[in-house]
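# Examination of the molecular architecture
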Amino acid sequence: MSAVFTSNRRPTLAQGAPAELDPLLLWPALGLLMFGLVMVYSASIATAEGSRFTGNQASYFLVRHAVFLAVGLVAGLVAFQVPLRLWQQAAPWLFMAGVALLVIVLIPHVGRSVNGAQRWLPLGPVSLQPSELMKLFVVLYAADYTTRKLAEMGSFRRGFVPMALVMVLVGALLLREPDFGAFVVIVAIAFGVLFLGGINARLFAVLIGVMAVAFVVLILTSPYRLERITSYMDPWKDAFGRGYQLSHALIAFGRGEWFGVGLGASVEKLFYLPEAHTDFLLAVIAEELGFFGVLAVVVMFALVVQRAFAIGRQALILDRVFAGLAAQGVGLWIGVQAFINMGVNMGLLPTKGLTLPLMSFGGSGILANCVALAVLLRVDWENRQLMRGVSV
């Protein structure tokens with residue numbers, strides 16, 4: 001077993017008492033949330049003004065996103081008050097609730113379908129996207145599962161198979177919607193946490209190979225996924241058809257150059273770039289704020305992910321396995337999803353229906369992100385209390 005789980009060493013206290021929260025995590029995370037609010041407004045003005053659905057109100061998406069953000073921050077404040085031991089106890093139940101929601105959203109006339117995908121549950125004036133909540137639930141469940149099975153992580157039958165079967169069930173439900181992007185992120189979270197928990201390295205290598213083959217099969221057996229791959233390889237071949245989204249995203253990046261055309265001055269958001277305030281928000285940032293605007297976003301995400309892994313490592317040194325794996329699971333989630341979204345926007349990856357975490361428009365995503373950050377901050381806070389000799 002890795003020494004990280006068996007060590008009884010505790011970090012020594014530095015000069016003076018440590019701060020209550022990690023500023024290198026808190027401020028970049030808040031910066032992404034606030035920056036996202038500004039850019040969602042900028043990216044959505046034309047869409048909101050030109051749609052009868054929004055009442056032709058330019059601030060429609062701004063107001064809704066601000067409300068979502070306020071709800072998410074309140075939920076995060078509440079979640080921060082919950083000790084990690086209670087999150088661990090609730091993890092299996094939250095996971096089962098998430099599976100139930102994924103089933104309910106597929107029931108005809110219950111789940112709402114948009115552009116051929118049935119991913120939303122209508123709740124009056126808003127909609128709930130279960131796959132977004134499921135990412136959080138999988139982080140907690142995978143951390144709890146790995147903690148309980150720590151002594152059996154080297155066993156294929158007892159350590160790997162149960163989690164694999166659960167992920168097959170979740171994957172089948174997500175692909176039924178379909179939501180291939182969420183499926184990729186959730187699988188990455190689950191098996192990433194298993195890897196961090198000490199799963200047999202040879203078994204993990206075999207798993208990566210099997211997953212790669214499975215993804216290829218899923219792509220080849222689905223015409224619309226195969227179409228996305230071919231359009232990604234050469235978006236200019238059919239720039240007004242299959243390559244439309246990517247070609248306009250690349251045009252936005254090209255127009256932005258080093259410093260951008262100015263906040264609010266994007267041309268691509270004027271009905272050229274689809275989903276400008278959700279999936280392709282980074283392209284609008286690139287056009288309006290240029291290379292340095294994108295670099296600022298990348299740096300803030302890098303700080304959040306780095307601090308998540310550092311906080312998780314510290315928790316593991318303190319023999320808090322669930323807390324450590326949960327923190328690193330949050331880092332995996334935010335890092336993988338941000339990487340995929342950025343890769344899609346830049347033409348490095350095929351188009352996926354994934355938003356930019358912490359920034360893109362979407363109530364379910366913002367809510368889940370804020371609660372995940374609260375859990376991460378709670379891990380950090382409990383670490384600091386233990387370093388002070390205070391029980392939590």
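Residues numbered from 1 in each chain as written. Predicted model: local features only at pLDDT ≥ 70, side-chain atom pairs only at ≥ 80, totals over all residues. Heavy atoms only, no water.

### Some words on the confidence of the model for the protein
Operational definition: pLDDT is a per-residue confidence score from the predictor, ranging from 0 to 100. Every helix listed is a DSSP run of H or I at least four residues long, and every strand listed is a run of E at least two residues long, numbered separately from the N terminus.
Put simply, the protein has an average pLDDT of 88, and 92% of its residues get 70 or more. Confidence scores differ between elements of the protein, with helix α1 (residues 3-6) showing the lowest mean pLDDT of 42 and helix α11 (residues 281-317) the highest of 97.

### Re the nonpolar core
Put simply, the rule reads: Buried residues of nine kinds, namely Ala, Val, Leu, Ile, Met, Phe, Trp, Tyr and Cys, make up a nonpolar core once their side-chain atoms join them within 4.5 Å. Categorising residues by exposure relies on relative accessible area from a 1.4 Å probe, with only protein chains included: less than 20% of the type maximum marks a residue as buried, more than 50% marks it as exposed, and the intermediate range marks it as partly exposed. Contacts are assigned to residue pairs that have any heavy atoms within 4.5 Å of one another.
Ranked by size, the top nonpolar core spans 114 residues in total, and within it M167, F191, V297 and F301 carry the most contacts. Beyond its immediate stretch of four places on either side in the chain, F301 contacts L32, I334, A338, M342, L356, P357, L358 and M359.

### Some remarks on helix α8 (residues 201-220)
Selection criterion: Between the first and last residue of a helix there are one fewer steps than residues, each counted as 1.5 Å, and that sum is the expected span. Directions pointing from the helix axis toward each C-beta atom define the arc.
With 20 residues, α8 should cover 28 Å at 1.5 Å per step; its first-to-last C-alpha distance of 29 Å lies within 8% of that length. Three or more residues of α8 are buried, namely L203, F204, L207, M211 and I219. Angular distribution of buried residues about the axis of α8 spans 140°; they occupy a single face of the element. Set apart from the buried face of α8 by more than 90 degrees, the exposed residues are R202, V210, V213 and L220.

### A closer look at unusual backbone geometry
Of the consecutive residues E177 and P178, the connecting peptide bond is found in the cis state with omega at -5°. Topologically, P178 is positioned in the loop between α6 (156-176) and α7 (180-196). Even without being glycine, H109 reaches a positive phi, approximately 70°. Take H109: it is sitting in the loop between α4 (84-104) and β1 (112-114). We note that F271 has phi near 70°; this positive angle belongs to a residue other than glycine. You can see F271 is positioned in the loop between α10 (244-256) and α11. Owing to a relative accessible area of 54%, F271 belongs among the exposed residues under this scheme.

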